[in-house]
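Descriptive structure summary
What follows is each chain in one-letter form.
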Amino acid sequence: MRRLGKLVLLLCLIMIINFIFTGCNKKEAVLNIYNWGDYIDPTVIKDFEDEYNIKVNYSTFATNEDMYVKLKSGAGNYDVTFPSDYMIERMIKEDMLYTLNKNNIPNLKNIDEKFINLSFDPENQYSVPYFWGTVGILYNKKVVKEKVDSWNILWDEKYKNEIVMLDSQRDSIGVALKKLGYSMNSRDINELRKAKEILIKQKPLVYTYVIDEVKDLMIAGEANLGVVWSGDATAAIRENENLEYVIPKEGSNIWFDNMVIPKSSKNKKEAELFIDFMCRPDITARNTDYVGYSTPNKEAIEKLPDDIKNSQVAYPNDEDLERCEIFKDPSDFITKYDIIWTEIKAEY
Amino acid sequence: MKLKWTSYPYIVWMAIFIIVPLLLILFFSVTSEDVFRLGEFQFTLDNFKRFMSPIYLKVLGRSITLALQSTAICFLLGYPMAMIISKAEVKKRNAMILLFVVPMWMNFLLRTYAWLTLLGKNGLINYIIKSLGFEPLNLIYNNKAILLGMVYNFLPFMVLPIYSVLIKIDNSLIEAAEDLGASKLEVFTRIILPLSIPGVVSGFTMVFMPAVSTFVISSLLGGGKYMLIGNLVEQQFLWSGDWNFGSAISIVMMIFILISMAIMAKFDEDKKGGSLW
Amino acid sequence: MEKNIIIDLKNVYKKYDDLEVLKNINFYIRKNEFLTLLGPSGCGKTTTLRIIGGFEQPTSGEIIFEGKNIINIPPYERPINTVFQKYALFPHMNVFDNIAFGLKIKKLSKKTIEEKVKNILKMVNLSGFENRSIESLSGGQQQRIAIARALVNEPKVLLLDEPLGALDLKLRKEMQMELKNIQKSLGITFIYVTHDQEEALTMSDTIVVMDSGEIQQIGTPVDIYNEPKNAFVAKFIGESNIIEGIIHEDFVVEFENIMFDCVDRGFEKKEEIDVVIRPEDLIIENFEEAKLKGKVISVTFKGVHYEMLIESDNFLWKVHSTTMAPVNSLVGLSVLPENIHVMKKVR
């Protein structure tokens, strides 16, 4: 017992010393940041902490749905999080977000106007754009020698077993809808059924349905045609110069990840400080360079190296963008999507 | 039920991590409101009714078929393997069992991923095939790859119970049968096989259950092209957010597994199988 | 060559890795006899039995069965059946199926099988037990079913590997009698293995005494008991007093510095030998008149006789007698010449 007693005393001593030293570095406030995995330059966070003496607790999530569930269940008081467009739409509908005090975010002016006032958050009352991108076709020009400009190529028999589709309901059904000339946000069950039919027809040609692995498969040459997000395309092209990215002429998806302040936050002012910090041109440029996705910050774009700045993959011209739609929240229609997707997946 | 005080921590553990979640799933399956608005729920069997539609039943049927196929393959491969190991001398035996068990020390997901590098278009197997001058084979992202993954992962669960029953068979029984005129084949069919049934039953159960509920193997090795019941549940919880429907499917699966366990138990009435459950 | 020989073991030798288990085993078994392999644990008797049965192969040597070498014939083709030490009854079958097993293998008709099983159950006094499960049987019943299962196949030879070991004394003695009777009435050759010398003496026509993989002596129970060939057999069979002595000339032997008349001859003059005298052959005499004198160290009542340990000048004699001499009393011992057995010393 004596031994145990000494151990307990030692532990207490260690804890007390710990407290004293942390007391020395005691920050004024703590921010809980909840972001996508691998979506920020860690040095940027450190700079923020040092400049404002605010400690940042950084945690990550893998999907919008994960984040939504976490927030809804009330676990963790997150101060800033980065949902995607349709999810923001839902969170606003469900009154989960604070309205932003724009006076505290002067750097908002750096954001390109074309990315402001979008359908999911009119007037940007609740969110500030962080990264954005498109969905398109990544292909290996050594194997696919013809011109690629349409979703139709993914239905071409001669590329059987070379095609990779996204294992994501909305993205794949969206591609099919666009190919048929419909909206990606269609709520017409007949249009969805047609999309289902062509996706079932396509199935024998598809090598695999994956989410993150598209990039790896195409770099390795396991597949030569794939549906990817623009950020993955940039990274893939960097690894394999035979790859090219195109937004098909029928149109595609444009997506946004914006910063928001959930109502669970207890440090609204500090959160707004963080959002403003993340809109500084130099910070954004550094962050964009690290993460590799497209920034909405026009001042920051100027600071990027030329090959990125001028990349059609990362920063396509406006005509391409016009053909793209933002996802809307399907709300209760999601059940129909679920059934359609199940029917596609279960067909074999 | 008289319990020692030392068993209370386990009861508490069981209650928190097993019984409560089960009750929650049951609750969700028979209600229809958003799981976060627990205050306003209403009881309904709609979730179960929805499951009864052709598409979902098709998925269930497929999952069961695939599970039965992989169980059968595991049996056809596993029984001879168990026999070979049980007949080897003791030192070799332990080494062979170790060969089976060591892969299980590694994470299940990683083991399944490893197959991707073996089976891919430019994977190791095709590399060898191509260097021999043949056309590469389509080994991955199809039904066969899923079966392979299932058999690979679940084979030890078939081999070990059968093996443990086989080594318990007294050698003198085999000698007695031979003495009475039975040839080697007759010894197998009349003595060894009947006595090994408890192990076989236990092996079947331990393979069929995880096989029917798997979703990782079908996702990874099937290229997402084969939706099984496990994938369906995953889809509800991770994407559609329809936890009620997902819970209902889970309950259906659980009932199904309970029924198959009850059938298996009839074969092993003396509980000689040494099964895990 | 005796026409009556059914099995002849020639130069059977068995080695496990470096261990010689059987060295130069040679003996024959006559038709319809009850032959017992007797010896302590590890002497090789069970190995010999298993070689005859076909469950083990000798390293070298021959097993001649009715004129043919059956070394390479597997057990299921030999007209021999075995009763195993632990019975080896099939637990997943009932009594009927166990007994009928060999008959079913031979593909006999259902009617024939039913009849044969019925008869054999009668012979082992277990009529009506057809549908019983093996677990529900007592040790003695299981034993008899094991015997029935073997006998129903009407083998030419029955091998029994210490079948009575697990039974209590009374049951064992009953079964010994029953087995002997069955053997006599069926006229089958029995080869029996045991370490219990009393059992061997009771049941056998011929006993083969074995030790360390070698045959020590072969003979009838009476021969072996009365004329043990060496110290080992003498010690193993019955109880003995073994004392060193010198045989001066034929019929005269000296031990304890006393000359005794005996009935053994054929030794060299003044050869050093071992003398064996059974405890029951020593007679308690009057102290004054006896040649051999001693003091009683201990007395134990054994029911049938008293067992006394009597210390003489050089030796501690074990004596079985109905005459009781109390502890510490001085007594004399005498023995009849024909009960003094002289044996060559074991080198």
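Source: prediction; values computed, not measured.

Each helix and strand in chain A was counted, giving 14 helices and nine strands. With the C-alpha coordinates of chain A rotated into their principal frame, the extents come out at 75 × 55 × 40 Å. Within chain A, contacts between residues separated by at least 24 positions form 77% of all contacts whose residues are at least 6 apart in sequence.

This part takes up the packing of helix 2 (residues 95-105) of chain C against helix 4 (residues 139-151) of chain C. Residue and element names in this part refer to chain C. Between helix 2 and helix 4, the least distance of the axes is 7 Å, while the angle of their chain directions is 30°. In this view, helix 2 runs roughly parallel relative to helix 4, as classed from their interaxial angle. The element helix 2 and its partner helix 4 pack so that their crossing is right-handed. When helix 2 is examined against helix 4, the residues Val95, Asn98, Ile99 and Phe101 are found in contact with a partner set consisting of Ile145, Ala148 and Arg149. Considering only residue class, the contact of helix 2 with helix 4 consists of five nonpolar, one polar and one charged.

Here we come to the domain arrangement of chain A. All names here are of chain A. In terms of domains, chain A is made up of domain 1 (24-130 + 256-315) and domain 2 (133-254 + 321-345). On a C-alpha basis, the centroid separation for the pair domain 1 and domain 2 is 27 Å. Every contact between the two is made by 14 residues of domain 1 and, on the other side, twelve residues of domain 2. The greatest single-element share of the side of domain 1 that touches domain 2, amounting to four residues, is contributed by helix 4 (residues 85-93). A breakdown of the residues in the side of domain 1 that touches domain 2 according to their chemical character gives seven nonpolar, four polar and three charged.

On the side of chain B, 22 residues touch chain A, which itself brings 25 residues to the contact. Only helix 3 (64-72), strand 6 (206-210) and helix 14 (334-345) of chain A provide two or more residues apiece to the side of chain A that touches chain B. Top contributing element to the side of chain A that touches chain B by residue count: helix 14 of chain A, with seven residues. Its residues assigned to classes, the side of chain A that touches chain B comprises nine nonpolar, eight polar and eight charged.

This part covers the environment of C:Gly165. Residues and elements named next belong to chain C. Relative to the assigned elements, Gly165 resides in the loop between strand 7 (157-161) and helix 5 (169-186). For Gly165, a count of 14 C-beta atoms within 10 Å corresponds to the partly exposed category. The spacing of Gly165 and Phe236 is 71 residues in sequence and 18 Å in space, taken between C-alpha atoms.

Take the arrangement of the chains next. Across the two pairs of chains that are in contact, the largest number of contacts falls between chains A and B. The two units chain A and chain C never meet; even their closest C-alpha atoms stay 45 Å apart.

Our focus in this paragraph is the pairing of strand 1 (residues 29-36) of chain A. All names here are of chain A. Of all eight residues making up strand 1, six are buried, and the element is well covered by its neighbours. Running through helix 2 (residues 42-52), the crossover from strand 1 to the neighbouring parallel element strand 2 (residues 54-61) is right-handed. By the bridge criterion, two bridges tie strand 1 to strand 3 (residues 80-81) in an arrangement that is parallel. Paired with Tyr34 across the strands is Thr81, a residue of strand 3.

In this section: the packing of helix 7 (residues 143-166) of chain B against helix 9 (residues 184-213) of chain B. Residue and element names in this part refer to chain B. Closest axis-to-axis distance for the helix 7/helix 9 pair is 8 Å, and the angle between their directions is 160°. Of the possible angle classes, the one that applies to helix 7 and helix 9 is roughly antiparallel. Crossing handedness for the pair helix 7 and helix 9: right-handed. Across the interface between the two elements, Met150, Phe154, Phe157, Met158, Pro161, Ile162, Ser164, Val165 and Leu166 from helix 7 touch Ser196, Pro198, Gly199, Val200, Ser202, Gly203, Met206, Val207, Pro210 and Ala211 from helix 9.

Residues and elements named next belong to chain A. UniProt's entry tags Tyr86 with the feature "binding site: spermidine" (unreviewed entry), counted in the numbering of this structure. Assignment of secondary structure puts Tyr86 in helix 4. Dropping the residues within four chain positions of it, Tyr86 is found in contact with Phe120, Phe327, Lys328 and Asp329.

It is worth spelling out the UniProt feature "domain: ABC transmembrane type-1" (unreviewed entry) in chain B at this point. The positions UniProt marks with the feature "domain: ABC transmembrane type-1" (unreviewed entry) are residues 60-264 of chain B. Regarding residues 60-264 of chain B, the helix share stands at 81% and the strand share at 0%, and the terminal C-alpha atoms are separated by 20 Å.

Turning next to the confidence of the model for chain A. The predicted coordinates should not be examined in detail at positions where pLDDT is low. Of the residues in chain A, 95% reach a pLDDT of 70 or more, and the chain-wide mean stands at 89. Ranking the elements of chain A by mean pLDDT puts helix 1 (residues 2-24) of chain A last, at 66, and strand 3 of chain A first, at 95.

What follows covers the sheet that holds strand 1 (residues 5-16) of chain C. Residues and elements named next belong to chain C. The strand order across the open sheet formed by four strands is 2-1-4-5, and the pairing between neighbours is antiparallel. Edge strands, defined here as strands with exactly one partner in the open sheet, are strand 2 (19-30) and strand 5 (68-69). Of the pairings in the sheet, the one linking strand 4 (residues 60-65) to strand 5 comprises two bridges and is antiparallel in character. Bridging from a neighbouring strand, Phe65 pairs with Lys68 of strand 5.

To continue, consider the confidence of the model for chain B. Chain-level pLDDT for chain B is 87 on average; 92% of the residues reach the 70-or-more range. Confidence over residues 273-277 of chain B falls short of pLDDT 50; this stretch has 16 contacts with residues more than four positions distant or in other chains.

Counting 138 residues, the largest nonpolar core has A:Val80, A:Leu138, A:Ile275, B:Phe154 and B:Val207 as its most contacted members. Per-element accounting of this core gives the leading share, 14 residues, to helix 7 of chain B. Each of domain 1 (24-130 + 256-315) and domain 2 (133-254 + 321-345) of chain A gives at least three residues to this core. In this structure, A:Ile275 is in contact with A:Val80, A:Ile105, A:Val128 and A:Met259, ignoring residues within four places of it in sequence.

The subject of this paragraph is the pairing of strand 17 (residues 306-311) of chain C. Residues and elements named next belong to chain C. Sheet analysis places strand 16 (residues 292-301) next to strand 17, joined by six bridges and oriented antiparallel. Following the sheet pairing, Val299 is matched in strand 17 by Met308. Counting the residues between successive antiparallel strands, the hairpin from strand 16 to strand 17 contains four residues, one of them, Gly303, with a positive phi of roughly 90°. Inspection of the sheet shows strand 17 paired to strand 18 (residues 316-321) by six bridges, in the antiparallel sense. Opposite Met308, over in strand 18, you have Val319 as the bridge partner.

At the interface, 15 residues of chain B touch 16 residues of chain C. Within the residue set of the side of chain B that touches chain C, elements represented by two or more residues are helix 8 (171-179) and helix 9 of chain B. For the side of chain B that touches chain C, the element with the highest residue contribution is helix 8 of chain B, accounting for six residues.

What counts and what doesn't
- Residues numbered from 1 in each chain as written.
- Chains lettered and ligands numbered in written order.
- Predicted model: local features only at pLDDT ≥ 70, side-chain atom pairs only at ≥ 80, totals over all residues.
- Helix = DSSP H or I, 4+ residues; strand = E, 2+ residues; numbered from the N terminus.
- Contact = placed C-beta atoms within 7 Å.
- Axes fitted to C-alpha atoms, helices over the stretch in contact; angles between N-to-C directions.
- Parallel < 35°, antiparallel > 145°, perpendicular 65-115°, else oblique.
- Left-handed = near helix turned anticlockwise from the far one by under 90°.
- Nonpolar A, V, L, I, M, F, W, Y, C, P; charged D, E, K, R; others polar.
- Domains from an automatic or database assignment.
- Buried ≥ 20, exposed ≤ 12 C-beta atoms within 10 Å, placed from the backbone.
- Right-handed = clockwise from strand over helix to strand, strands pointing away.
- Pairing = 2+ DSSP bridges.
- UniProt positions renumbered as here; feature names shortened; annotations may be inferred.
- pLDDT = per-residue confidence, 0-100.
- Core = buried A, V, L, I, M, F, W, Y, C linked by C-beta atoms within 7 Å.

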